[in-house]
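# Observations on the three-dimensional arrangement
One-letter residues, chain by chain:
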Amino acid sequence: MEDNTKTIIFDFDGVIVDSFQPAFEVSRMLRLWMDFTKDDYRKCFEGNVYEEFLKIDKKQEVADKQFFKIYIPKLFQLPVIKGIPKTLKILSKKYRLIVISSTISSPISEWLNRRGLAKYFSEIMGSDVHKIKLEKIRMIFEKHGINSDDCVFVRGGKAWVADLVVQGRRER
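Let me sum up the structure you'll find in this document. What you see is a predicted model; the values in this text were computed from it and never measured.

### Overview of the overall build of the protein
Secondary structure summary: the protein contains eight helices and four strands in total. Listed by position from the N terminus, the elements making up the protein come as β-α-α-α-α-α-β-α-β-α-β-α. The proportion of buried residues among the 172 residues of the protein is 45%. Here the contacts in the protein between residues at least 6 apart in sequence split such that 68% fall between residues at least 24 apart.

### Side note on the nonpolar core
Ranked by internal contacts, the top residues of the largest apolar core, which has 31 residues, are F12, I16, W111, L112 and F121. Broken down by secondary-structure element, the contributors of at least two residues to this core are β1 (7-11), α1 (20-29), α4 (60-77), α5 (84-92), β2 (96-100) and α6 (105-114). Here this core gets six residues from one element, more than from any other, and that element is α4. Those residues within four positions of W111 in sequence are excluded, and the remaining contacts are F12, I16, V17, L75, F76, L78, P79, V80 and L117. The next biggest cluster of nonpolar side chains, apart from the first, holds 12 residues, and it includes I98, I100, I140 and F141.

### Structural notes on the pairing of β1
The element β1 is extensively covered by neighbouring structure, given that five of its five residues are classed as buried. Residues of β1 alternate between two faces, with T7, I9 and D11 on one and I8 and F10 on the opposite face, all of them buried. Taken together, the five bridges between β1 and β2 define a ladder with parallel strand orientation. Along β2, the bridge assignment pairs D11 with I100.

### Some thoughts on the packing of aromatic side chains
In this structure the tally under the stated criterion is six aromatic pairs. Ring centres of F67 and Y71 lie 5.0 Å apart, and the angle between their planes is 20°; this geometry places the pair in the stacked category. Taken together, the residues span about one helical turn, with F67 and Y71 both in helix α4 at a distance of four residues. Taken individually, F67 and Y71 each receive the classification buried, so the pair is uniform in this respect. Taken together through their ring pairs, the aromatic side chains of F67, F68 and Y71 make up a single cluster. Above the face of the F76 ring, R114 is positioned so that its terminal group lies 4.1 Å from the ring centre.

### Comments concerning the sheet that holds β2
Pairing is parallel across the open sheet formed by four strands, whose spatial order is β3-β2-β1-β4. With one partner strand each, in any of the chains shown, β3 (123-125) and β4 (151-154) form the two edges of the open sheet. Going across the sheet, the axis of each strand differs from the next one's by a mean of 20°, ignoring polarity. Against the sheet, α6 engages β2 and β3, with an angle of about 135° to β3.

About the cut-offs
- Residues numbered from 1 in each chain as written.
- Predicted model: local features only at pLDDT ≥ 70, side-chain atom pairs only at ≥ 80, totals over all residues.
- Heavy atoms only, no water.
- Helix = DSSP H or I, 4+ residues; strand = E, 2+ residues; numbered from the N terminus.
- Buried < 20%, exposed > 50% of the residue type's maximum accessible area, 1.4 Å probe, protein only.
- Contact = heavy atoms within 4.5 Å.
- Core = buried A, V, L, I, M, F, W, Y, C linked by side-chain atoms within 4.5 Å.
- Pairing = 2+ DSSP bridges.
- Phe/Tyr/Trp six-rings, centres within 6.5 Å; stacked < 30°, edge-to-face > 60°.
- Lys NZ or Arg CZ within 6 Å of the ring centre and 35° of its normal.
- Axes fitted to C-alpha atoms, helices over the stretch in contact; angles between N-to-C directions.

All we've got here are geometric facts, nothing functional implied.
Right under this line is the structure:
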């Protein structure tokens, strides 16, 4: 189905909520990648975080379950980044807004609901939809009959950069 609505795809972590510190702390608490500094941990998010972590730990699925069990309650305590509610309200009047994240979809939905922000997003695509963000983007393109000319990507870190630049995607 082709759709002429322009789409803005938001990364959740680092754009809507600053979740780096709690994520880093939970990883350290679980003794995942103990020799990582904050900078090392942050660098894992410059590419696809799941691919980076799988290079280190082949049991990523087990680590994910442990991680999210502790991380999600911490996520619920975090505030929305200043200025985001007003921005989303304005943008949602003209554009389709979608969230893509490495966090699981249902906690993102609940976090957004608790802050009255879920109403601005037509879709939330977490790691349970697909581990690879680029695949989720392809799914959006296919579902809505759009391409990179119809989208802007808003991200917090350097995630997606290499894939998007190589494939001619635009980001902000």
